[in-house]
Amino acid sequence: MKSKIFLQLIIFTFAFFAAGMAEAAVPKVPLEQKEVREWAESRGNELLSALSESDMEYKYALLDNLFTGYVDLDFLAKFVMGKYWKVMTADEQLEFRGLFRRYVLEVYKTYPLTLDYRVSFQIFSVQVQPQKAVVAAQIHQEGLPQNDPLQDILVQFDVRRTESGLKLSDLKIGETSLAMTYRGKFYRMMAEDDGEVAWFLEDFRQIIDSLERRNDLARDGEFPY
């Protein structure tokens, strides 16, 4: 049960504070603490509202909008490929961005989307750096025993300014970075495909197609079977 709750928290927190297919120049407007704090609080309230919806299709639509509107998927797509990004052609980079967006929107739907306890959050600090703002927050699950390690989860997330507004670019729970976790996954896939980008993209498409079929069956009440 605890592992289930922790997986939920990872996905929900990413949408908490968490896009175009072409890279855009980032406006050189300094981030401000007040601006970032208000942005994070608004995203948290939007997520809590979305999770309270009983209609799953409507809930998915709201959560999809949080991901695509407030997570910097272009930045993450480039980051998770790391050293392999430079060996990709422009067309392969564009294709991967599209695939990565589809993947992110399908992965979260494989987790339960209703928490067993009431969830609240509190922002502790906002530290503005030259390229990003680092926000520290706590997620609290009411109803869990006080000595339960999952009652209060400390999280840290990075916020960057993009041409279309503030967006989340990474999330850390403890020492675990979601962006680095994704990078490790894709590095392993590339190694299994002998560093061949074309093979990697083909395998990635198959993974996404499988996720989409799985989620379609789940919405129709035919999964698991």
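Numbering of residues starts from 1 in every chain and runs along the sequence as written. Predicted model: local features are reported for residues with pLDDT of at least 70 only, side-chain atom pairs are reported and counted for 80 or more only, and whole-chain, interface and lining totals are derived from all residues. Just so you know, side-chain values use all the structure's heavy atoms and leave hydrogens and water out.

Asks: Can you help me understand the overall build of the protein chain in this one?
Replies: Numbering of helices and strands starts at the N terminus; helices are DSSP runs of H or I of at least 4 residues and strands are runs of E of at least 2. A count of helices and strands for the protein chain gives 7 helices and 5 strands. Ordered by position in the sequence, the α and β elements of the protein chain form the string α-α-α-α-α-β-β-β-β-β-α-α. What sets the accessible areas is the Shrake-Rupley method with a 1.4 Å probe; for residues, cover comes only from the shown protein chains. Summed over all atoms, the accessible surface of the protein chain reaches about 11900 Å², with 50% contributed by carbon and sulfur.

Asks: Please explain the packing of aromatic side chains as it appears in this structure.
Replies: The description of an aromatic ring pair uses the distance of the two centres, along with the angle that the planes make with each other. Centres within 6.5 Å are what make two rings of Phe, Tyr or Trp a pair, Trp counting through its six-membered ring; a difference in plane orientation under 30 degrees is then read as stacked, over 60 as edge-to-face, and the rest as tilted. In total, this model carries 17 aromatic pairs according to the counting rule given. Pairing Phe 96 with Phe 200 gives two aromatic rings, centres 5.9 Å apart and planes at 40 degrees, and the pair type is tilted. Pair noted here: Phe 96 is in helix H5 (residues 90–107) and Phe 200 is in helix H7 (residues 197–219), with a separation of 104 residues, a long-range link. Exposure class is identical for Phe 96 and Phe 200. Each is buried. What links up through ring pairs into an aromatic cluster is the set Phe 96, Phe 100, Tyr 103, Tyr 182, Phe 186, Phe 200 and Phe 204. Geometrically, a charge over a ring is one whose NZ (Lys) or CZ (Arg) sits within 6 Å of the ring centre while staying within 35 degrees of the ring normal. A cation over an aromatic ring shows up here: Arg 183 above the ring of Phe 79, its NZ or CZ 4.1 Å from the ring centre. Exposure classes here rest on a 1.4 Å probe applied to the protein chains alone. A residue is buried below 20% of its type maximum, exposed above 50%, and partly exposed in between.

Asks: Any chance you could explain unusual backbone geometry here in plain terms?
Replies: Negative phi characterises most residues that are not glycine, and trans characterises most peptide bonds. Phi is positive for Asp 194, which is not a glycine, with a value near 55 degrees. Summarising the element assignment, Asp 194 is placed in the loop between helix H6 (178–192) and H7. For Asp 194, a relative accessible area of 60% translates into the label exposed.

Asks: What's the story with the sheet that holds strand E2 (residues 133–141) in this structure? I'm lost.
Replies: If you trace the 5 strands from one edge of the open sheet to the other, you get E1-E2-E3-E4-E5, paired in antiparallel fashion. Both outer strands of the open sheet, strand E1 (119–128) and strand E5 (176–177), are each paired with one neighbouring strand and no more. In this scheme, strands are said to pair when DSSP sees at least two bridges between them. Pairing of E2 with strand E3 (residues 152–162) involves 8 bridges; the strand directions are antiparallel. Pairing of His 140 across the sheet is with Asp 152, part of E3.

Asks: Would you mind showing me how to read the pairing of E3 here?
Replies: Where a strand is regular, its side chains alternate between the two sheet faces. Here 8 bridges tie E3 to strand E4 (residues 165–173), and the two strands are oriented antiparallel to one another. Along E4, the bridge assignment pairs Phe 157 with Leu 171.

Asks: Hey, could you run me through the packing of H5 against H7 in this one?
Replies: Describing two packed helices takes the angle between their axes plus the distance from one axis to the other. Under this scheme, a helix contributes an axis fitted over its contacting stretch, all axes are lines through C-alpha atoms, and angles between N-to-C directions fall in the 0 to 180 degree range. The geometry of H5 relative to H7 is characterised by a closest axis approach of 10 Å and an angle of 25 degrees between their N-to-C directions. In terms of orientation, H5 and H7 fall into the roughly parallel class. The hand of the H5/H7 crossing is left-handed. Contacts between H5 and H7 involve Glu 92, Glu 95, Phe 96, Leu 99, Phe 100, Arg 102, Tyr 103, Glu 106 and Val 107 on the former and, on the latter, Val 197, Ala 198, Phe 200, Leu 201, Phe 204, Arg 205, Ile 207, Ile 208, Asp 209, Leu 211, Glu 212 and Asn 215. Three categories are distinguished: nonpolar for Ala, Val, Leu, Ile, Met, Phe, Trp, Tyr, Cys and Pro, charged for Asp, Glu, Lys and Arg, and polar for the others, with Gly belonging to the last. When grouped by side-chain class, the residues that make up the contact of H5 with H7 number 13 nonpolar, 1 polar and 7 charged. Small angles under 35 degrees read as roughly parallel and large ones over 145 as roughly antiparallel, with 65 to 115 read as roughly perpendicular and the rest as oblique. Less than a right angle of anticlockwise turn of the near helix away from the far helix marks a crossing as left-handed, whereas a clockwise turn marks it as right-handed. Here, two residues are considered to be in contact whenever any of their heavy atoms come within 4.5 Å of each other.

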